[in-house]
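Structure assessment
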Amino acid sequence: MENRDNWCEQLASTGLSTYSESYRKIMTDLVANGVPANYAVLTETAAEAVIKSVARMICDNNQAILAEFAQCR
């Protein structure tokens, strides 16, 4: 169970890191292109960053499952 908890913490950390990086990059690009940072832009940017972070977490989880499956064979 501890291994599972550690894995969940690692996935959450990956997600948060990816979210933060994505959000900053998207906002930097928008501001550089003259897009005003109003509520709608902030909300859309946050949603896009969440999607990217969840996708990264899913990919990392799938790789871990495949690696564990390969060890069991």
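Scroll up a little and you will see the structure.
Note that the structure is a prediction, hence the values are computed from the model and not measured.

What follows concerns the overall build of the protein chain. Looking only at helices and strands, the protein chain has 2 helices and 0 strands in total. When the backbone C-alpha atoms are referred to their principal axes, the protein chain occupies close to 55 × 20 × 15 Å. Out of the 73 residues in the protein chain, the part that is buried amounts to 16%. Residue pairs at least 24 apart in sequence account for 63% of intrachain contacts in the protein chain once pairs closer than 6 positions are excluded. If you sum the accessible surface of the protein chain, you get close to 5,700 Å²; carbon and sulfur atoms cover 59% of it. Each charge sign in the protein chain was given a centre, from 6 positive and 9 negative side chains, and these centres are 6 Å apart.

To continue, consider the packing of aromatic side chains. For the structure on display, the rule yields 1 aromatic pair. Judged by centre distance (5.9 Å) and plane angle (20°), the rings of Y19 and Y23 are stacked. Taken together, the residues Y19 and Y23, both in helix α1 (residues 2-32) and 4 residues apart, mark about one turn of the helix. Y23 gets classed as partly exposed once you look at its relative accessible area, which sits at 24%.

The next thing to look at is the environment of V41. Relative to the assigned elements, V41 resides in helix α2 (residues 39-72). What makes V41 buried here is its relative accessible area of 16%. Separated by 19 residues in the primary sequence, V41 and D60 have C-alpha atoms spaced 29 Å apart. Non-local contacts of V41, meaning those with residues more than four positions away in its chain, are made with M27, L30, V35 and P36.

Next up on the list: the side chain of S53. Examined against the element boundaries, S53 turns out to sit in helix α2. Assessed through its relative accessible area of 6%, S53 is described here as buried. A distance of 2.9 Å separates a polar side-chain atom of S53 from the backbone oxygen of V50. Each residue touching S53, except ones within four places of it in the same chain, is listed here: G15, T18 and Y19.

Conventions used here
- Throughout this document, residue positions are counted from 1 along each chain, in the order its sequence is written.
- Side-chain atom pairs in this predicted model are given and counted only at pLDDT of 80 or more, local residue features only at pLDDT of at least 70, and totals for whole chains, interfaces and linings cover all residues.
- Calculated side-chain values reflect all of the structure's heavy atoms, with hydrogen atoms and water omitted.
- The helix and strand labels rest on DSSP assignments: H or I over at least four residues marks a helix, E over at least two residues marks a strand, and numbering proceeds from the N terminus.
- Burial classes: relative accessible area under 20% of the type maximum marks a residue as buried, over 50% as exposed, and values in between as partly exposed (1.4 Å probe, protein chains only).
- Contacts are residue-level and defined by heavy atoms, with any inter-residue pair within 4.5 Å sufficient.
- Shrake-Rupley sampling with a 1.4 Å probe provides the accessible areas, and residues are treated as covered by the protein chains on show and by no other component.
- We score Asp and Glu as negative and Lys and Arg as positive, and we do not count His or the chain ends.
- All charge positions are set by atom: Lys at NZ, Arg at CZ, Asp at CG, Glu at CD.
- Paired rings are identified among Phe, Tyr and Trp, the last through its six-membered ring, by centres lying within 6.5 Å, and are further divided according to the angle between planes into stacked (under 30 degrees), edge-to-face (over 60) and tilted (the rest).
- Distance and chemistry together define a polar contact, namely a pair of N or O atoms within 3.5 Å, with one atom able to donate a hydrogen and the other to accept it when in protein, and with adjacent residues in sequence counting only for side-chain atoms on both sides.

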